[in-house]
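These are the residues of each chain, in order.
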Amino acid sequence: MGSVNRDHPNIGPRLTIVDGEGRTIARLGGEAGPGLEPGKFIAPHGLAVDARGDIYVGEVSYTEYPRLFTKPIPWRMRSLQKLQKLD
């Protein structure tokens with residue numbers, strides 16, 4: 001992992017949602033490392049939530065992809081992912 005996670009190797013590229021008391025409500029992504037599949041992340045960097053509760057995750061994917069993978073950078077790699085809230 002990168003220098004940020006050097007002392008905590010199991011953090012991975014994920015989001016952790018906590019309540020007002022700091023208790024974990026949910027974890028998104030990161031279970032099996034970085035990835036391009038829906039719900040996985042390369043390097044989450046920014047976060048927004050809309051009025052419906054949908055989560056938008058901005059990623060620094062183009063910067064981190066070459067460090068994490070040996071394959072060439074995909075032609076269309078996302079830098080923003082929307083995670084829709086399910087009722």
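Criteria and thresholds
Residues numbered from 1 in each chain as written. Predicted model: local features only at pLDDT ≥ 70, side-chain atom pairs only at ≥ 80, totals over all residues. Heavy atoms only, no water. Core = buried A, V, L, I, M, F, W, Y, C linked by side-chain atoms within 4.5 Å. Buried < 20%, exposed > 50% of the residue type's maximum accessible area, 1.4 Å probe, protein only. Contact = heavy atoms within 4.5 Å. Salt bridge = Lys/Arg side-chain N within 4 Å of Asp/Glu carboxyl O. Helix = DSSP H or I, 4+ residues; strand = E, 2+ residues; numbered from the N terminus. Pairing = 2+ DSSP bridges.

A. Molecular detail of the nonpolar core. Counting residues in hydrophobic clusters, the biggest one holds 5 residues: Leu15, Phe41, Ile55, Val57 and Leu83. Discounting residues that sit within four places of it in the chain, valine 57 has contacts with Leu15, Phe41, Pro44, Gly46, Leu47, Ser79, Leu80, Gln81 and Leu83.

B. Looking closely at the pattern of salt bridges. Going through the model one piece at a time under the given rule, you end up with 7 salt bridges. Aspartate 54 is paired through a salt bridge with lysine 82; the nearest N and O atoms lie 3.6 Å apart. With aspartate 54 in the loop between strand E3 (44-49) and strand E4 (55-59) and lysine 82 in strand E5 (residues 80-83), this pair connects stretches of sequence that are 28 residues apart. By relative accessible area, aspartate 54 is classed as buried at 3%. Salt bridges sharing partners connect three or more residues here, namely Asp50, Arg52, Asp54 and Lys82.

C. How the structure looks around the pairing of E3. With 0 of its 6 residues buried, E3 lies for the most part at the surface. As defined by bridge partners, E3 adjoins E4 across 5 bridges and the pair is classed as antiparallel. Opposite proline 44, over in E4, you have glutamate 59 as the bridge partner. Linking E3 back to E4 in an antiparallel pair, the connection comprises 5 residues, with glycine 53 at a positive phi of about 95 degrees.

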